[in-house]
Every structure is written in structure tokens, then in C-alpha cells.
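One letter stands for each residue in the lines below.
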Amino acid sequence: LPATLHNAALAQITQDLSTALPFSPGGIGTAQALLLYLFRDVASKTGTLAFSVGMQTMLLAVNLALGTLAALALGWRRHLARLQEAEA
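None of these values were measured; they are calculated from a predicted model. (Residues numbered from 1 in each chain as written. Predicted model: local features only at pLDDT ≥ 70, side-chain atom pairs only at ≥ 80, totals over all residues. Heavy atoms only, no water.)

Participant: I keep staring at the overall build of the protein chain and nothing clicks. Help me out?
Facilitator: In terms of helices and strands, the protein chain carries three helices and zero strands. The helix and strand sequence of the protein chain, counted from the amino end, reads α-α-α. Taken over the C-alpha trace, the protein chain has a radius of gyration of 20 Å; the compact-globule value for 88 residues is 12 Å, which it surpasses by more than 25%. Overall, the protein chain is about 70 × 25 × 20 Å in size when its C-alpha atoms are taken along their principal axes. A burial count over the protein chain gives 19% of its 88 residues as buried. Summed over all atoms, the accessible surface of the protein chain reaches about 6600 Å², with 71% contributed by carbon and sulfur. One finds the centroid of the 5 positive side-chain charges in the protein chain at a distance of 7 Å from the centroid of its 4 negative side-chain charges. (Helix = DSSP H or I, 4+ residues; strand = E, 2+ residues; numbered from the N terminus. Rg over C-alpha atoms; globule rule 2.2 N^0.38 Å. Buried < 20%, exposed > 50% of the residue type's maximum accessible area, 1.4 Å probe, protein only. Areas by Shrake-Rupley, 256 points an atom, 1.4 Å probe, with all protein chains shown as cover. Lys, Arg positive; Asp, Glu negative; His and termini not counted. Charge placed at Lys NZ, Arg CZ, Asp CG, Glu CD.)

Laid out in C-alpha cells, this is it:
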């Protein structure tokens, strides 16, 4: 899949549409179908599908990692607040 600004915009719009029109949880499947349709003349179906699944997997991994870090940070702050209350 050629890395152009136009293709990046199409991929972003596809993600936005699959989220705005939730036919499936997390837009999985919907985003892939839209990408296959939009890039049908640009890249092979297997390449486009591999790109889409890889992109969705990486986004899920990053979101999971950031969410876990945020939850741990919130729990740590609450723990510190309880310690300060116990000392007072």
C-alpha cells in the first residue's frame, strides 16, 4: 500500500466511519471491508487486509498498554491518598 497523504486520509476516514457506524464491536470487520473497497485499485486484497489487521492490532495493543498504565497510576494515587489520611 503506497504511503501517501491521500491514502493515509482514506484510512483515517475509514476508521472514523467504522466507529461512527458500529455494525460490529470496535468496527472490526467493518473497517476491513471499507478499506478493501477503497483500495481495490491501489493494492492487492491480501496486502490491504494485512495492513488493516496489523493497524487494528497495533492500535489495540497501544490502547491496552496506555489504559493499563492509567489505571495503575490512578490506583497508586488513591493508595498514597489513603496513606496520607491514615497519618493525619
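Participant: So what exactly am I meant to see when it comes to the packing of aromatic side chains here?
Facilitator: Each aromatic ring pair is described using two quantities: the centre-to-centre distance and the angle formed by the ring planes. Enumeration over the complete set of coordinates arrives at zero aromatic pairs. In this structure, arginine 40 is placed above the aromatic ring of tyrosine 37, and the distance from its NZ or CZ to the ring centre is 4.1 Å. (Phe/Tyr/Trp six-rings, centres within 6.5 Å; stacked < 30°, edge-to-face > 60°. Lys NZ or Arg CZ within 6 Å of the ring centre and 35° of its normal.)

Participant: Could you clarify how one ought to interpret helix α2 (residues 30–38) in this entry?
Facilitator: All buried positions along α2 are accounted for by Thr30, Ala31, Gln32 and Leu35. Structurally, α2 contributes buried residues whose contacts are with α1 (5–20) and α3 (45–87). (Contact = heavy atoms within 4.5 Å.)

Participant: Would you explain the side chain of glutamine 15 in this entry?
Facilitator: Residue placement: glutamine 15 occurs in helix α1. Judged by its relative accessible area of 15%, glutamine 15 falls in the buried class. In contact with glutamine 15, not counting residues within four places along its chain, are Ala31, Met55 and Gln56.

Participant: Looking at this structure, I do not really get the environment of alanine 20. What am I missing?
Facilitator: For alanine 20, the position within the fold is in helix α1. Overall, alanine 20 belongs to the exposed group, its relative accessible area being 57%. A C-alpha to C-alpha distance of 26 Å links alanine 20 and proline 2, two positions 18 residues apart in sequence.

Participant: What am I meant to see in the confidence of the model for the protein chain here?
Facilitator: Low pLDDT marks regions whose predicted coordinates should not be analysed in detail. Summarising the model, the protein chain shows a mean pLDDT of 84, and 98% of its residues fall at 70 or more. For the protein chain, the element scoring lowest by mean pLDDT is α1, at 83; α3 scores highest, at 88. (pLDDT = per-residue confidence, 0-100.)

Participant: Where do I start with the side chain of serine 52 in this structure?
Facilitator: The residue serine 52 is located in helix α3 in this model. Not counting residues within four places of it along the chain, the set of residues in contact with serine 52 comprises Ala31, Gln32 and Leu35.

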